[in-house]
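# Survey of secondary and tertiary structure
What follows is the residue order along each chain.
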Amino acid sequence: MFQIGQIAALFSLLILAGCAVNPVTGKKELSLIPASQELAIGTKNYGPYQQQQGGRYSVDPDLGRYVNQIGLKLAQYSKRSKLPYQFVVLNNDSPNAWALPGGKIAINRGLLTLLDDEAQLAAVLSHEIIHAAAKHSVNQMTQSILLGIGMQAATVASKNTDYGHLASMGAGLGGNLWSARYGRQQELESDFYGMELMARAGYHPQAAVELQETFVRLSQQGNQAGWLQALFASHPPSTERVAKNKAKAEAIGNVGIRNRSAYQQAIAQITRDSEAYKAQQQAIAAAGKNDIAGALGLIDSAINIQPEEALFHVTKAQLLLSQKQDSRAMAAFSKAAALNPEYYIGHLGLGLIQKKQKRWTQAASNLKKSTQLLPTQIAIYHLGEIELTQGNKKQAIEYFKVAQQHGGSLGEKAQAQLQDLLPPPVNTTTTSNSTQ
Ligand SMILES: [Zn+2]
């Protein structure tokens with residue numbers, strides 16, 4: 001009896017905590033993440049996630065404006081039209097798109113080049129709008145909390161202290177707070193309600209069928225690159241989804257706009273530059289085989305085609321750095337930072353080289369610029385060393401404490417610095433031992 005009463009009490013507590021009706025599906029569900037926290041998670045992680053994945057595409061800013069405009073038009077028809085939706089194009093080759101809680105959505109340049117018209121773009125964006133509107137990520141977080149495995153992740157996500165975000169960024173280098181791995185049911189839900197959404201906005205639902213067919217075709221190609229495998233782990237394509245989308249398209253009715261020419265015009269720049277991005281991928285592959293001269297030749301050919309692409313200059317700088325050609329690397333980082341000041345790597349590279357040259361003020365300024373965009377362990381550690389050269393022990397300790405938390409060889413170096421800087425802890429055990 002007592003136990004049942006306890007369980008009942010626990011359940012009523014959980015129900016009080018947040019039994020809500022899902023605004024998209026109309027189903028009752030438990031939600032332990034309040035809307036305020038949902039929005040905070042999206043807002044806080046949006047910038048760093050973009051930085052980790054190439055930053056925003058900047059060569060043709062009109063493309064970003066176009067995608068955002070289509071996204072906002074679709075979002076008006078969402079059951080949660082009041083979310084602070086935002087849509088950006090990431091400078092990333094892999095054909096992917098994602099949504100953070102609260103409607104913060106990104107689509108990669110590499111997916112845009114695979115699409116044929118605006119209706120297909122609307123299918124991608126509607127699908128992501130539903131992931132956000134139907135709280136797919138936060139519901140997964142609720143599940144993890146109930147299973148007792150995600151509480152830490154959930155609280156870290158909402159922490160908003162000065163360097164609190166660092167803890168969740170895994171030093172910015174490939175670390176993830178949580179990555180979207182939706183369940184099969186959630187994918188089907190996003191397809192289903194996404195197609196209704198795009199149709200309400202006037203787009204032809206057949207585009208969602210074609211989108212799935214494209215993904216199935218890609219997944220069936222042999223020799224998948226690593227990023228493609230990762231993509232399919234997070235967005236599993238299936239003939240089941242194709243079939244379900246076909247049925248849904250028929251139910252909705254085969255009418256709607258496609259806007260092919262508007263779309264082709266919007267992506268004209270990335271279409272023209274596709275050979276340059278291919279050359280960059282080849283350069284990275286060559287560098288992976290230690291053919292640095294070959295890689296440099298390839299990246300120069302990419303720069304010849306599109307000199308305005310900051311990413312090409314970043315790759316060139318990294319290749320030159322590996323050859324210890326610091327001053328040429330610095331020129332390339334400088335170019336990258338000037339072309340796309342909103343992307344962290346140019347500032348980081350400049351700051352690190354300037355520090356080597358003992359140009360402390362400039363180095364600190366560039367390293368700080370990089371951490372404002374994406375806090376990385378390497379920038380934080382070196383900012384600590386710069387503070388030390390200036391005699392600012394207190395600030396140095398703050399930086400080293402953060403760098404230490406992220407482990408690895410820099411974590412160890414930070415720990416060694418801290419041992420030198422911090423007074424030894426008062427050891428009470430020793431005192432009591434001495435009296436024995
Ligand atoms: Zn999805």
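Placed above this text is the structure.
Since we're looking at a predicted model, the values are computed, not measured. (Residues numbered from 1 in each chain as written. Predicted model: local features only at pLDDT ≥ 70, side-chain atom pairs only at ≥ 80, totals over all residues. Heavy atoms only, no water.)

## Concerning the nonpolar core
If you look at the biggest cluster of nonpolar residues, it comprises 100 residues, and the most contacted ones within it are Leu-63, Val-67, Leu-74, Ile-107, Leu-112, Leu-115 and Leu-121. Counting residues per element, this core draws most heavily on helix α5 (residues 118-133), which supplies 10 residues. Leave out the neighbours within four places in its chain, and Leu-115 touches Ile-107, Gln-120, Leu-121, Val-124, Leu-211, Tyr-263, Gln-264 and Ile-267. Judged by nonpolar contacts, the second largest core, of 7 residues, contains Tyr-49, Val-88, Leu-90 and Leu-100. (Core = buried A, V, L, I, M, F, W, Y, C linked by side-chain atoms within 4.5 Å. Buried < 20%, exposed > 50% of the residue type's maximum accessible area, 1.4 Å probe, protein only. Helix = DSSP H or I, 4+ residues; strand = E, 2+ residues; numbered from the N terminus. Contact = heavy atoms within 4.5 Å.)

## Remarks on the coordination of the zinc ion
Protein-derived coordination of the zinc ion comes from His-127 (NE2), His-131 (NE2), Glu-187 (OE) and Glu-187 (OE), at a distance range of 2.1 to 2.6 Å. Geometry at the zinc ion is irregular, judged from the 4 donor atoms that bind it and their angles of 52 to 133° at the metal. Between consecutive donors of the zinc ion, the numbers of intervening residues give the motif H-x3-H-x55-E. Linking His-127 with His-131, this pair stays in helix α5, spanning 4 residues, or about one helical turn. Accessibility assignment for this pair places His-127 and His-131 in one class, buried. (Donors = N, O, S within 2.8 Å, 3.2 Å for Na, K, Ca; no water. Tetrahedral: all angles 85-135°; square planar, octahedral: opposite > 155°, others 65-115°.)

## Quick notes on the packing of helix α21 (residues 377-389) against helix α22 (residues 393-405)
Taken N-terminus to C-terminus, the directions of α21 and α22 make an angle of 160°; their axes are 8 Å apart at the nearest point. Between α21 and α22, the angle is such that the two are roughly antiparallel. The handedness of the crossing between α21 and α22 is left-handed. From α21, Gln-377, Ile-380, Tyr-381, Leu-383, Gly-384, Glu-385, Glu-387 and Leu-388 reach across to α22, where they touch Lys-393, Gln-395, Ala-396, Tyr-399, Phe-400, Val-402 and Ala-403. Here the contact of α21 with α22 is composed, by residue class, of 9 nonpolar, 3 polar and 3 charged. (Axes fitted to C-alpha atoms, helices over the stretch in contact; angles between N-to-C directions. Parallel < 35°, antiparallel > 145°, perpendicular 65-115°, else oblique. Left-handed = near helix turned anticlockwise from the far one by under 90°. Nonpolar A, V, L, I, M, F, W, Y, C, P; charged D, E, K, R; others polar.)

## Quick word on the pairing of strand β5 (residues 104-108)
Along β5, 5 of the 5 residues are buried, which leaves the element largely enclosed by surrounding structure. By the alternation rule, side chains of β5 split into Lys-104, Ala-106 and Asn-108 and Ile-105 and Ile-107, which are all buried. Where strand β3 (residues 86-90) meets β5, 5 bridges bridge the pair, whose relative direction is parallel. In the sheet register, Leu-90 faces β5, and the bridge partner there is Asn-108. (Pairing = 2+ DSSP bridges.)

## Description of unusual backbone geometry
Not every positive phi belongs to a glycine, and Asn-259 is a case in point at roughly 50°. Tracing the sequence through the fold places Asn-259 in the loop between α12 (239-252) and α13 (260-266). Even without a glycine there, the phi angle at Lys-324 is positive, about 60°. Following the sequence through the fold, Lys-324 ends up in the loop between α17 (310-322) and α18 (326-339).

## Quick notes on the pattern of salt bridges
Applying the stated rule across the entire model yields 17 salt bridges. Arg-260 is paired through a salt bridge with Asp-116; the nearest N and O atoms lie 3.0 Å apart. Taken together, the positions of Arg-260 in helix α13 and Asp-116 in the loop between α4 (109-112) and α5 put the pair 144 residues apart, joining distant regions of the chain. With a closest N to O distance of 3.0 Å, Lys-316 and Asp-300 form a salt bridge. Of the two residues, Lys-316 is situated in helix α17 and Asp-300 in helix α16 (residues 292-305); the sequence distance between them amounts to 16 residues. Owing to a relative accessible area of 30%, Asp-300 belongs among the partly exposed residues under this scheme. Within the structure, one salt-bridge network assembled from shared partners comprises Asp-117, Glu-210 and Arg-258. (Salt bridge = Lys/Arg side-chain N within 4 Å of Asp/Glu carboxyl O.)

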